[in-house]
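Here's the letter readout for the chains.
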Amino acid sequence: MASMASAAGVASAANSGGKSQIDALNWWTSGSEAKSMHVLKQMLADEGVEMNNDAVSGGGGANARTVLKSRIQSHRTPGMAQVMPPAIDQWCQTGLIGSLDKVAEAGNWDKKLAPRVAEGVKCDGKYAAVPFNIHRVNWLWVNKSLMREAGVDIPRSWPDFVDALKQLKQAGITPIAGGGNTWQVATEFDAVVATVGDAEFYRKALVELDQRALASDKMVKAFKRLRTLKQYTDPDAAGLSWNHNTGLVVRGEAAMQIMGDWAKGEIINDGKTPGKEIACVTMPGNDNAYIYNNDTFVAFKVDAKAKRRGQAVFANTVMSPKFQRRFNKAKGSIPVREKTSLKGFDQCAKKSAKLYQKAKKADALVPTMSQDQAEIGAVKGAIFDVIAKFYNTDKMSAEAAVEALASRVKQAEQMSSLSAG
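Residues numbered from 1 in each chain as written. Predicted model: local features only at pLDDT ≥ 70, side-chain atom pairs only at ≥ 80, totals over all residues. Heavy atoms only, no water.

**Examining the packing of aromatic side chains**
Thinking step 1. For the coordinates displayed, the defined rule picks out 17 aromatic pairs.
Thinking step 2. For the pair Phe 189 and Phe 223, a centre-to-centre distance of 4.8 Å together with 45° between the ring planes defines the contact as tilted. Remark: Phe 223 occurs in helix H13 (residues 217–231) and Phe 189 occurs in helix H10 (residues 182–193); sequence separation between them is 34 residues. Exposure class is identical for Phe 189 and Phe 223. Each is buried.
Thinking step 3. Where Tyr 290 meets Tyr 356, the ring centres are 5.5 Å apart and the plane angle is 65°; that geometry is what we call edge-to-face. Of this pair, Tyr 290 sits in strand S11 (residues 290–293) while Tyr 356 sits in helix H18 (residues 347–362), and the two are 66 residues apart along the sequence. Each member of the pair, Tyr 290 as well as Tyr 356, is classed as buried.
Thinking step 4. A connected cluster of aromatic rings, assembled from ring pairs, spans Trp 28, Phe 132, Phe 297, Phe 314, Phe 323 and Phe 327.
Thinking step 5. Sitting over the face of the ring of Trp 27, Arg 65 holds its NZ or CZ atom 5.4 Å from the ring centroid.
Thinking step 6. For Lys 230, the ring lying beneath its charged end belongs to Tyr 391, and the centroid distance is 5.2 Å. (Phe/Tyr/Trp six-rings, centres within 6.5 Å; stacked < 30°, edge-to-face > 60°. Helix = DSSP H or I, 4+ residues; strand = E, 2+ residues; numbered from the N terminus. Buried < 20%, exposed > 50% of the residue type's maximum accessible area, 1.4 Å probe, protein only. Lys NZ or Arg CZ within 6 Å of the ring centre and 35° of its normal.)

If you want it as C-alpha cells, here you go:
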C-alpha cells in the first residue's frame, strides 16, 4: 500500500504546475498499434498530460531511428522515444539519456519487473526507460476453418509442418503469408533457428554470436528450412506489410503466418478472436525456446519542466496495472509488470504467459535477433544482409550462406569494436 501511495505521489507531483506535454516518437503505425497508443494518449490526458503520438512508418523501426537522430541533432529532442534495450547502452554513452529513477523507486519497479527486463532498461545502473510489454516472436498463426476445409491437421512438429505445407499447396491454398521484406523473413528465420536446436543454441548463435554455432551444421539446416518456407510462401508477397499478411490469414486467403504476437492486435481489429478462429501455435519444433522482445521508451534529457513532468507521468502510467491490461489487450502482448491479472485476456495471451513463466524457470528465454532485442547496428545489418541474399538468390546454397554469415558477423563485430575504441 505504501508503494502505491508513493507512486501516486510521483504522479501528482509530476502534474503540478499546469498542463504537461510529451512527444512520443515511435514506429507503431498499424491499426492495432495505433489503437494501443490511443489507449496511452487517453490515459495521459486523464492525468493532465497532452501526448503527441509521433509515429514514423517503415523499415521495422529503422526510419524512426533515423528521425530520432535527426531531431536530436537539430535540437528537437523528443521527451520519450521507442528504443530497444540493446540500443539503450549505446545512447547511454552519449550522455543524452535522462533518468526515471525517482519514478521507478516510488513505483517499486525492482519488484515489478523480471531481472532481465529491469537490467535492459537501465543506464549506468539507473532506470532510463520504461518497458511496455512482453511479445513472443516464435508463433505460428493458423486459420482453423481453412485447414479443416483442406483436411489438414494443425502441425505440431517440423515434419508435420512440412506435410501440411505440401497438402495446402496441392489443395490450391497459399500455405504461408509472409516474406514481404527482409524484416519479415528475419522474423521467420528467428523461429526456424529454434527448430534446429534448443534455446541454448539460439542464444549461442544469434545472441552471443559464437562462431562455432554460426558456422555449424545446425545453422546449415536452419537455412535449408528457410528455403523450404519460401517454396510455400505467396510468390507475390514482395513489398507487402506484415499486417497485410496477417489479414490474408484472417480472411482465409492464406493458411498460416509466422509472426510475433503483435499479429493478435490485427486479428482482433479484423473482428476475430485469437485462439478461436485463428489458432496460436508454437512454431513447430520450438518447444524449448521462448523468443521474446519487450518494447521500451527511453526518456531523453529535456530542458522544459513541462516535458520532464510529462516524462514522469508517462512512465508512471505505463507501469500502472490499468494501463498494462488495457494496452496489452489491444497490442497483443502480455504485461511486463509481474503478476498483472490476465482476466479477460484471450486464450493466446494466457498461453503465452504460461510459456513465458515455464521458459524463465528453464532458462529458455532468448531475446530476438530480428526485433532489435539481441543485435543492433552493423551486426544486425550483416545478419539481415545474408538472410536477404539467401532468400532472394535461389542458387545460393545453405552452406555458402552459413560461411557468409560467420564471416560477415565477425567482420561487423571487429568494425564495431574499432568504432567504439
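Resuming the write-up.
**Here we look at the state of the cysteines**
Thinking step 1. As enumerated under the stated definition, the model contains 2 disulfides in all.
Thinking step 2. In this model, Cys 280 is linked to Cys 348 through a disulfide, with the two sulfur atoms separated by 2.1 Å. Its torsion about the S-S bond being -100°, the disulfide of Cys 280 and Cys 348 is classed as left-handed. Of the two residues, Cys 280 is situated in strand S10 (residues 278–282) and Cys 348 in helix H18; the sequence distance between them amounts to 68 residues. (Disulfide = S-S within 2.5 Å.)

**Things to note about the confidence of the model for the chain**
Thinking step 1. Here the chain shows a mean pLDDT of 91. Residues at 70 or above account for 94%.
Thinking step 2. A low-confidence stretch, residues 1–17 (pLDDT under 50), is modelled with 24 contacts involving residues beyond four sequence positions or located in other chains. (pLDDT = per-residue confidence, 0-100. Contact = heavy atoms within 4.5 Å.)

**Let's talk about the environment of Phe 132**
Thinking step 1. Residue position: Phe 132 is located in the loop between strand S6 (129–131) and strand S7 (133–136).
Thinking step 2. Taking the relative accessible area as the measure of exposure, Phe 132 reaches 0% and is therefore buried.
Thinking step 3. With 183 residues separating them along the chain, Phe 132 and Ala 315 place their C-alpha atoms 9.4 Å apart.
Thinking step 4. Setting aside its immediate chain neighbours within four residues, Phe 132 contacts Trp 28, Leu 40, Asp 295, Phe 297, Phe 314, Val 318, Phe 323, Gln 324, Phe 327, Asn 328 and Val 336.

**Examining the side chain of Asn 328**
Thinking step 1. By the element assignment, Asn 328 lies in helix H17 (residues 321–331).
Thinking step 2. Setting aside chain neighbours within four positions, we find Asn 328 in contact with Phe 132, Asn 133, Phe 323, Ser 333, Ile 334, Pro 335 and Phe 345.

**Topic: helix H11 (residues 199–207)**
Thinking step 1. Listed as buried for H11 are Ala 199, Phe 201, Tyr 202, Arg 203, Ala 205 and Leu 206.
Thinking step 2. Tucked inside the fold, the buried residues of H11 contact helix H7 (115–120), H10, helix H12 (211–214), H13, S11 and strand S14 (365–367).
Thinking step 3. For H11, the capping residue at the N-terminal end is Asp 198, with a side-chain oxygen 3.2 Å from the backbone nitrogen of Glu 200.
Thinking step 4. Taken from the residues just after H11, Leu 209 is the one with a positive phi, measuring 60°. (Polar contact = N/O pair within 3.5 Å; in protein donor to acceptor, adjacent residues only side chain to side chain.)

**Concerning the side chain of Arg 203**
Thinking step 1. Topologically, Arg 203 is positioned in helix H11.
Thinking step 2. Given the relative accessible area of 9%, Arg 203 is considered buried.
Thinking step 3. Ignoring any residue separated from it by four or fewer positions in sequence, one finds Arg 203 in contact with Arg 116, Glu 208, Asp 363, Ala 364, Leu 365 and Val 366.

**Thoughts on the packing of helix H9 (residues 158–170) against H13**
Thinking step 1. Between H9 and H13, the shortest axis-to-axis distance is 10 Å and the interhelical angle comes to 25°. As judged from the angle between their axes, H9 and H13 are roughly parallel. By crossing handedness, the relation of H9 to H13 is classed as left-handed. Taken together, the residues of H13 that come into contact with H9 (itself represented by Trp 158, Phe 161, Val 162, Leu 165 and Lys 169) are Arg 225, Thr 228, Leu 229 and Gln 231.
Thinking step 2. Tallied by class, the residues present in the contact of H9 with H13 amount to 5 nonpolar, 2 polar and 2 charged. (Axes fitted to C-alpha atoms, helices over the stretch in contact; angles between N-to-C directions. Parallel < 35°, antiparallel > 145°, perpendicular 65-115°, else oblique. Left-handed = near helix turned anticlockwise from the far one by under 90°. Nonpolar A, V, L, I, M, F, W, Y, C, P; charged D, E, K, R; others polar.)

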